[in-house]
Amino acid sequence: QSLCAIMESKTNVSADSVDGYIIGPPGFRSGAIAKKQCHRVVSYTEYLKLMKDNGYFAIPELKDTMEKGLIAFLHRHGKDIYWLAAKFADELMASFGPGEGVAQTFDHLVA
């Protein structure tokens, strides 16, 4: 089984399978592309390389840094949200210069 990248927002938290958990895409997006083929999940570094190699600028967004699950995961690995924000910015700047790559976040703790 493979992990496919899709945008889901409608979920069934009582589901007992992956197929039952994901109900559908957000109202503003069609699920047709995701159902047509599996788009493999790529790392942040691979995403930045893909953007750069295809002549696109990048505006990635760091989201949900205040989520309890993320904070707990980072702490289990001896990290925190400030480490994550710095890593996010460092990888962006390693691929794009200041005029080509701009990070965005609405998380006030790391903005």
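Not measured: the values here are computed from a predicted model.

Q: Tell me about the packing of helix H4 (residues 68-76) against helix H5 (residues 81-95), residues and numbers included.
A: The interhelical angle for the contact between H4 and H5, taken along N-to-C directions, is 90 degrees, at an axis separation of 9 Å. Between H4 and H5, the angle is such that the two are roughly perpendicular. In contact with Leu70, Ile71 and Leu74 of H4, H5 contributes Ile81, Trp83 and Leu84. Taken together, the residues of the contact of H4 with H5 sort by class into 6 nonpolar, no polar and no charged.

Q: Mind laying out unusual backbone geometry, listing which residues take part and the relevant values?
A: Positive phi, close to 60 degrees, is recorded for Asp64, a residue that is not glycine. Locating Asp64 in the fold gives a position in the loop between strand E3 (61-62) and H4.

Q: I'd like a rundown of the nonpolar core, residues and numbers included.
A: Core analysis: the largest hydrophobic core is formed by 6 residues, namely Leu62, Leu74, Ile81, Ala85, Phe88 and Val110. Of all the elements, H5 adds the most residues to this core, at 3 residues. With residues near it in sequence (within four places) discarded, Leu62 still touches Leu84, Ala85, Phe88, Gln104, Thr105, Phe106, Asp107 and Val110. With 5 residues, the next largest nonpolar core counts Leu48, Met51, Leu92 and Phe96 among its residues.

Rules used throughout
Residues numbered from 1 in each chain as written. Predicted model: local features only at pLDDT ≥ 70, side-chain atom pairs only at ≥ 80, totals over all residues. Heavy atoms only, no water. Axes fitted to C-alpha atoms, helices over the stretch in contact; angles between N-to-C directions. Helix = DSSP H or I, 4+ residues; strand = E, 2+ residues; numbered from the N terminus. Parallel < 35°, antiparallel > 145°, perpendicular 65-115°, else oblique. Contact = heavy atoms within 4.5 Å. Nonpolar A, V, L, I, M, F, W, Y, C, P; charged D, E, K, R; others polar. Core = buried A, V, L, I, M, F, W, Y, C linked by side-chain atoms within 4.5 Å. Buried < 20%, exposed > 50% of the residue type's maximum accessible area, 1.4 Å probe, protein only.

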